[in-house]
Amino acid sequence: MSGGARSTWLLVLTTELRQLIRDRRAVFAAVLLPALLYPLIFFASGKLESIGEKTMAEREVVARVDLSAAPGGVDGDVAVRAREALAACAPIRLEHFDGGELLALSAMDADSQPELPARDADGQPESSADSRGAADESEPDLETDRAALRTLALALLGPDAHVLVTARPAPEVPGRTRFEIWYDVQDDVAREGRGRMRTALDSLGDTLRVEAREQLLGGDPGAGLRPRDVDVASEADRSGAALGRWLPFLALLVLISGGAYAALAVFAGERESGTLETLLVQPARPRAIALGKFGAVLAAGIVTVAVNLTSLIACAVTGLAKMPGFNGGGGSLPVERLVSAAVVLLASCALLTALLCLVCGRARTFREGQMLLMPVTFAVILPTAIVLRPEAQLSLATAWIPFVGSGLGLREALEGDLTLLLGALVLVSHLGWALLLLGRVAGLLDGERALRDSESGVAGRLAQKAAHHGQTSAFVVAMALYLVAGTAQRAHLEGGLVFTFWVLLPLAALCIARLAPRPAGTAWHADLGLRPPTAAHLLGAVLLVPALVALGQWWLGVQLELLPMPQEMLQTSSLDAFFGARSTLWIAFFFALSPGLWEEFVFRGAILSSMRRGMGAVRLVLFQGMWFAFAHSSVYRMVPTFVLGALFAAIALRARSIWPTVAAHAAYNGILVLGANGRLPSSWDAIGELGHWSHFLAAVGLVLLITPARRAPAR
Amino acid sequence: MNQQPEALPARAPVEGRIAILAEDLQKEFEDPERGTVRAVRGVDLDARYGEIYGLLGPNGAGKTTTLRMLATIIAPSGGRAEIDGVDVTRAPLEVRRRIGFLSGSTGLYPRLTGRETLRYFGELHGLSGADLTRRIDEVIGAFDLSAFVDARCESLSTGQKQRVNIARAVVHDPPVLILDEPTTGLDILASSDMIDFVESRRAAGRCVLFSTHILSEAERLCDRIGIIHGGRMLAAGSLAELRALTGAEWLADVFKRLVKGAPVEPAVDAAALGATSGSASEAGPR
């Protein structure tokens, strides 16, 4: 043997990189896509936005106006000026209508509960500024006989009009006027008209307020008293704070998008093409091979991140996008902050790359590897989401936690607050985690394992088919819930709910269990998970519920930081509007018992049993979380539903029965829905008041869940 | 940590000296669906330098599992095996330096050229510089690869790929070659090239161990033949010895008499499964 031979890991690294560079799909994923993504997105969204704005601004709004109830009458000063202001909202056509009945009906509501806040969702009328501009301070209550009010308003609007405008005496101050704008939020032109009119009437309110003040006092007594904000933060601080909130996510997501293909190619692809067996008969240690492959994936990932960020900066600098933190292209950040951020980012990328290698190394095929990437994304993004919580700080306790430490470290590095000690701890701990995972990756490069996991074995084929069946079923169920159940519920609420929970989901579970690939001699109904649980497991699951509610709310908070929910969805009044005067029993049946029973029947029964044959517990739990979140088809609640789905799956796996999760799920839903609707003492407060008791109950519940299951499952 | 370990000097192949030795070699593994599977139940064999040893058996007999144990891809559950005097369990890396392994499932990197493939595997075996270049040129000449050696493997025909794969297996000039059904799936010309290659290795004093279920191949090539069935070596020896043992003239008859006369044991451990199956099944990792 000659001297000067290259190290094995370096040899593997260069060879893998050479192959990736020649792979058009890898080049697309790592270079072209991240380079072109932002320019295309920002260009397209800018175009669409301008087209949309232009189109809506050009639409004529038909407004029916009745200002006769305003103090001073239809010819009074306020009414005349209001009509002028509305006429200026061109293009607009003003028509007169008789709003007496509408005012009378809404006045009854206003008298009953005047403290309710404004609402503008679900087609409910929106009230607007009074003559003094107090737009949002005292809106009419629309709780009572809301349906009649809605029916009347829609009848008055007719097929042609978009908006109704009324005026009435303001109840708070005699002689003053309150304007009300009635519109259907689902009508785009109505929303546009409402926006224009609200602006005009708010402006009129401001003018009237100034005039009244001048008239009464001869000037503004508050002039000069308003505090003035002086932001002493430097440009660098502002940029760092803004970047620190989203860069940790972006970098990891981009790394996944670019590095995932490379990881699939060098691990699953190698197994598929048969070169793994070739490699395993060479005199090379598995750790060296793993390190070389890891290096290739890391290089691909870093190239992706670098290209992506460069593209983003270019978009910001050229004005194509307005990105927080990129004022001046991010060039305002001092070099030392950028360097320390890059070091922390590198540690984070190394850990994520090792995770990608581990996941793709376990995949038997390219396709299976692709299926595993979504749970990995969740598993990485969830801990990183902590950077959105201002109260979370980098410390000796948090620095070493995977992706939590790196996320916080990156944030603090950009803000200029990262200390040398904590930065070093983040770096060392994350590289240490990466090395640990690499050890596991090396363990996968074992001939025996590679052959055992190959698709050739009968058991392997069955397991793969069963896992695939579970995944496909979960997707179909989620789509059916979104399309069929959603349509049915919109057509007729009760009928749709009954159809969804008592027809669609049970049928789906039976079909999934019946069609699932299973070993000979295994009964299909065993897949439904209906075997009786132990009392300990049932009780343990129920005791977890208070903590689950708190946990769900915490994750919802995290998600809202990441993806703010529209104002309409946040208003508790929209829940009030939805549930209205329905009975507690009705709510408990349709929103606690039914979903608790039948969603568990499908997800933790039939789907979980099928997936379990082809995947380990961790992957199964992550997939369950993912599909559960997907099935709820709400992007704003994706994180809490993912967490709950994963936890329910873990409980069902432990108990080998769906009944504990049925109880926990129903109790969880019941507390949330009844509590939010005011049917409980106030669930969140009640849970909050439980305080340490909820932790204690959860601890007892966990201990009970650890106890053995009743008997071995027939899987 | 990742520096390639310094190779022990391989002994020069001396014709007649034992190159491959297996004693009571066994392989069991656990299958979640089938219980304990006994793929190889005690195989003895010895193959010498300058000799072609054929492992003959029906599908599922345990040939592939035996070869994979000898090539260190999987570890034996019992017994022992040596390649060129090196124990396959204790020093697998040293064994890998001494063997060239080729099977139907050993693939080529599609985006590397033939030359890059030879260079990569040569370097993995510690070759470099002028030595490596000389060896690459030698195998390119020996297997007539020059017309397509700079094309990517994904663009080659099956026969061309097989020739590159053979060259890959011998680029480090191993004293022992282990070939698992090397002609399966090849057309007549490619099969003929493979047979020529095996004969050339014997002429060069190397030891070749190959498995096949094609009797004519074994009859033409092998100095000695081991008949394997149900994970056991039923008989081993030269063709003349096997004829004398069974009283049959043709290898096909020798094979049939040995296989039909052998006690049949299930590859799957019936006790472990609680089953009563009586036939040998495809067992062992491929």
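Since the structure is predicted, the reported quantities are computational estimates derived from the model, not experimental observations.

Undergrad: What is the right way to look at the overall build of chain B in this model?
TA: Helix and strand content of chain B: ten helices and ten strands. Taking the intrachain contacts of chain B between residues at least 6 apart in sequence as the baseline, contacts between residues at least 24 apart amount to 69%. Carbon and sulfur atoms provide 50% of the accessible area of chain B, an area that totals close to 11,500 Å².

Undergrad: Please clarify how the overall build of chain A should be interpreted in this entry.
TA: Helix and strand counts for chain A come out as 26 helices and five strands. A burial count over chain A gives 53% of its 715 residues as buried. Considering only residue pairs separated by 6 or more positions, chain A has 80% of its internal contacts joining residues 24 or more positions apart. Working note: accessible area of chain A is about 31,400 Å², and carbon and sulfur atoms make up 65% of it.

Undergrad: How should I be thinking about the packing of helix 22 (residues 617-631) of chain A against helix 23 (residues 638-655) of chain A in this particular structure?
TA: For any two helices packed against each other, the geometry is given by the interaxial angle and the distance between the axes. Residues and elements named next belong to chain A. Here helix 22 crosses helix 23 at 135°, and the two axes come no closer than 7 Å. On the basis of the axis angle, helix 22 is oblique to helix 23. Between helix 22 and helix 23 the crossing geometry is right-handed. Taking contact as the criterion, the partners of A617, L620, V621, L622, Q624, G625, M626, F628 and A629 in helix 22 are, on helix 23, M638, T641, F642, L644, G645, A646, A649, A650 and L653.

Undergrad: Would you take a moment to explain a nonpolar patch on the surface for this structure?
TA: Residues and elements named next belong to chain A. Nonpolar side chains collect at one region of the surface, where V27, F28, V31, L32, L33, L36, L37, L40, I41 and V303 lie side by side and expose about 790 Å² of accessible area between them. Among the elements that make up the nonpolar patch, the one with the highest residue count is helix 2 (residues 24-58) (nine residues). Structurally, L40 can be placed in helix 2. Residue classification places L40 among the exposed positions, given a relative accessible area of 55%.

Undergrad: What am I meant to see in the packing of aromatic side chains here?
TA: Residue and element names in this part refer to chain A. Scanning the entire structure with this criterion turns up 17 aromatic pairs over all chains. Here the aromatic rings of F475 and F630 are separated by 6.0 Å at their centres, their planes lie at 15°, and the arrangement is stacked. One end of the pair, F475, is in helix 15 (residues 458-491); the other, F630, is in helix 22, and 155 residues separate them in sequence. Taking relative accessible area as the criterion, F475 reaches 38% and is therefore assigned partly exposed. A relative accessible area of 33% means that F630 is categorised as partly exposed.

Undergrad: What am I meant to see in the pairing of strand 6 (residues 99-103) of chain B here?
TA: A regular strand places its side chains so that they alternate between the two faces of the sheet. Residue and element names in this part refer to chain B. Here strand 6 lies mainly inside the structure; five of its five residues are buried. Examined bridge by bridge, strand 6 and strand 7 (residues 176-180) share five bridges and lie parallel to one another. Paired with I99 across the strands is V176, a residue of strand 7.

Undergrad: Looking at this structure, I do not really get the pairing of strand 10 (residues 232-237) of chain B. What am I missing?
TA: Residues and elements named next belong to chain B. Here five bridges tie strand 9 (residues 224-229) to strand 10, and the two strands are oriented antiparallel to one another. Paired with I227 across the strands is A235, a residue of strand 10. Here strand 9 folds back onto strand 10 in antiparallel fashion, the turn holding two residues, of which G230 has a positive phi close to 60°.

Undergrad: What am I meant to see in the pattern of salt bridges here?
TA: For side chains of opposite charge, pairing can occur when their charged atoms come near one another. A full pass over the atoms with the stated rule returns 38 salt bridges over all chains. Across the pair R111 of chain B and D23 of chain A runs a salt bridge whose closest N-O atoms are separated by 3.6 Å. Of this pair, R111 of chain B sits in the loop between strand 6 and helix 3 (114-124) while D23 of chain A is found in the loop between helix 1 (8-21) and helix 2, placing the two residues in two different chains. Pair check on accessibility: R111 of chain B and D23 of chain A agree, each one buried. One salt bridge in this structure joins K63 of chain B and E181 of chain B, with 3.6 Å as the shortest N-O distance. In this pair, K63 of chain B is assigned in helix 1 (residues 63-70) and E181 of chain B in the loop between strand 7 and helix 6 (188-203), connecting sequence segments 118 residues apart.

Undergrad: Can you help me understand the nonpolar core in this one?
TA: Considering soluble globular proteins, one finds that nonpolar side chains tend to be buried as a cluster. The biggest cluster of nonpolar side chains holds 187 residues, and the ones touching the most others in it are L352 and V477 of chain A together with L118, L145, F197 and I225 of chain B. Tallying contributions element by element places helix 7 (residues 235-273) of chain A first for this core, with 20 residues. Looking at which domains feed residues into this core, each of domain 1 (3-48 + 240-454) and domain 3 (466-706) of chain A gives three or more. Not counting chain neighbours up to four residues away, the residues in contact with V477 of chain A comprise L505, A508, I512, V602, F603 and I607 of chain A. Counting 35 residues, the second-largest nonpolar core is a separate cluster that includes F29, V37, V88 and I178 of chain B.

Undergrad: Help me understand the confidence of the model for chain B in this model?
TA: Atom-level detail of predicted coordinates should not be read off regions where pLDDT is low. All names here are of chain B. Taken residue by residue, chain B gives an average pLDDT of 81. The fraction at 70 or more is 83%. Contacts from residues 1-8, a stretch scored under 50 in pLDDT, to residues over four places away or in other chains number 26 contacts. Within the model, pLDDT remains below 50 along residues 266-286, and this stretch shows 50 contacts once partners closer than five positions in the same chain are excluded. ipTM for the predicted complex: 0.83, alongside a pTM of 0.66.

Undergrad: I tried to follow the packing of helix 10 (residues 335-362) of chain A against helix 12 (residues 404-415) of chain A on my own but got confused; where do I start?
TA: Residues and elements named next belong to chain A. Their axes nearest at 8 Å, the elements helix 10 and helix 12 cross at an angle of 170°. Classed by the angle they form, the pair helix 10 and helix 12 counts as roughly antiparallel. Within the contact between the two elements, helix 10 uses R337, S340, A341, V344, L345 and S348 and helix 12 uses S406, G409, L410, A413, L414 and E415. Looking at side-chain class alone, the contact of helix 10 with helix 12 contains six nonpolar, four polar and two charged residues.

Undergrad: Can you help me understand the sheet that holds strand 7 of chain B in this one?
TA: As a general point, the strands of a sheet are linked pairwise by backbone hydrogen bonds and lie either parallel or antiparallel. Residue and element names in this part refer to chain B. Read across the open sheet, the six strands follow the order 6-7-8-3-9-10; overall the sheet is mixed. The open sheet has two free edges, formed respectively by strand 6 and strand 10, since each of these has just one partner strand. Pairwise comparison of adjacent strand axes, ignoring direction, gives a mean angle of 15° for this sheet.

Undergrad: Can you walk me through unusual backbone geometry in this structure?
TA: Backbone geometry follows two general trends: most residues other than glycine have a negative phi, and most peptide bonds adopt the trans configuration. Each neighbour pair has its own omega, and for A90 of chain A with P91 of chain A the value is -5°, a cis peptide bond. When you line up the elements, P91 of chain A lands in the loop between helix 3 (77-87) and strand 2 (92-96). With phi around 70°, F403 of chain A is a residue other than glycine that occupies positive phi space. Even without a glycine there, the phi angle at D144 of chain B is positive, about 55°.

Undergrad: Could you clarify how one ought to interpret the environment of F590 of chain A in this entry?
TA: Residues and elements named next belong to chain A. Mapped onto the elements of the fold, F590 is located in helix 21 (residues 584-612). By relative accessible area, which is 7% here, F590 ends up buried. Distance from F590 to G670, taken between C-alpha atoms, is 9.7 Å for residues 80 residues apart in sequence. Setting aside anything within four residues of it in sequence, one finds F590 in contact with E494, L497, V498, F501 and P595.

Undergrad: Looking at this model, I keep getting lost on helix 17 (residues 535-543) of chain A. Mind explaining?
TA: Within an α-helix, residues lying three or four positions from one another point in the same direction, as the helix has 3.6 residues per turn. Among the residues of helix 17 of chain A, those classed as buried are H537, G540, A541 and L543 of chain A. The arc enclosing the buried residues of helix 17 of chain A, seen along the axis, measures out at 160°, which places them on a common side.

Undergrad: For this particular structure, what's the right way to read the state of the cysteines?
TA: By definition, a disulfide is the covalent link that joins the sulfur atoms of two cysteine residues. One pass over the structure, following the stated rule, counts zero disulfides over all chains. C360 of chain A takes part in no disulfide bond, and the closest cysteine sulfur, belonging to C357 of chain A, lies 7.3 Å away.

Undergrad: What is the right way to look at the environment of T278 of chain A in this model?
TA: For T278 of chain A, the position within the fold is in helix 8 (residues 275-280). For T278 of chain A, a relative accessible area of 0% puts it in the buried group. Discounting residues that sit within four places of it in the chain, T278 of chain A has contacts with T106, G107, F121 and R168 of chain B.

Undergrad: Explain the side chain of K63 of chain B here, please?
TA: All names here are of chain B. In this structure K63 comes out as buried when scored by relative accessible area, which is 4%. Of the polar contacts made by the side chain of K63, one reaches the backbone oxygen of G57; its length is 2.8 Å. Side-chain polar atoms of K63 contact the backbone oxygen of P58, separated by 3.1 Å. Apart from residues lying up to four places away in sequence, K63 is in contact with L55, L56, G57, P58, E181, S211, T212 and I228.

Conventions and cut-offs
Residues numbered from 1 in each chain as written. Chains lettered and ligands numbered in written order. Predicted model: local features only at pLDDT ≥ 70, side-chain atom pairs only at ≥ 80, totals over all residues. Heavy atoms only, no water. Helix = DSSP H or I, 4+ residues; strand = E, 2+ residues; numbered from the N terminus. Contact = heavy atoms within 4.5 Å. Areas by Shrake-Rupley, 256 points an atom, 1.4 Å probe, with all protein chains shown as cover. Buried < 20%, exposed > 50% of the residue type's maximum accessible area, 1.4 Å probe, protein only. Axes fitted to C-alpha atoms, helices over the stretch in contact; angles between N-to-C directions. Parallel < 35°, antiparallel > 145°, perpendicular 65-115°, else oblique. Left-handed = near helix turned anticlockwise from the far one by under 90°. Patch = residues over 30% accessible without salt bridge, like charges linked within 9 Å, V, L, I, M, F, W, Y side chains within 5 Å. Salt bridge = Lys/Arg side-chain N within 4 Å of Asp/Glu carboxyl O. Phe/Tyr/Trp six-rings, centres within 6.5 Å; stacked < 30°, edge-to-face > 60°. Pairing = 2+ DSSP bridges. Core = buried A, V, L, I, M, F, W, Y, C linked by side-chain atoms within 4.5 Å. Domains from an automatic or database assignment. pLDDT = per-residue confidence, 0-100. Nonpolar A, V, L, I, M, F, W, Y, C, P; charged D, E, K, R; others polar. Arc of directions from axis to C-beta. Disulfide = S-S within 2.5 Å. Polar contact = N/O pair within 3.5 Å; in protein donor to acceptor, adjacent residues only side chain to side chain.

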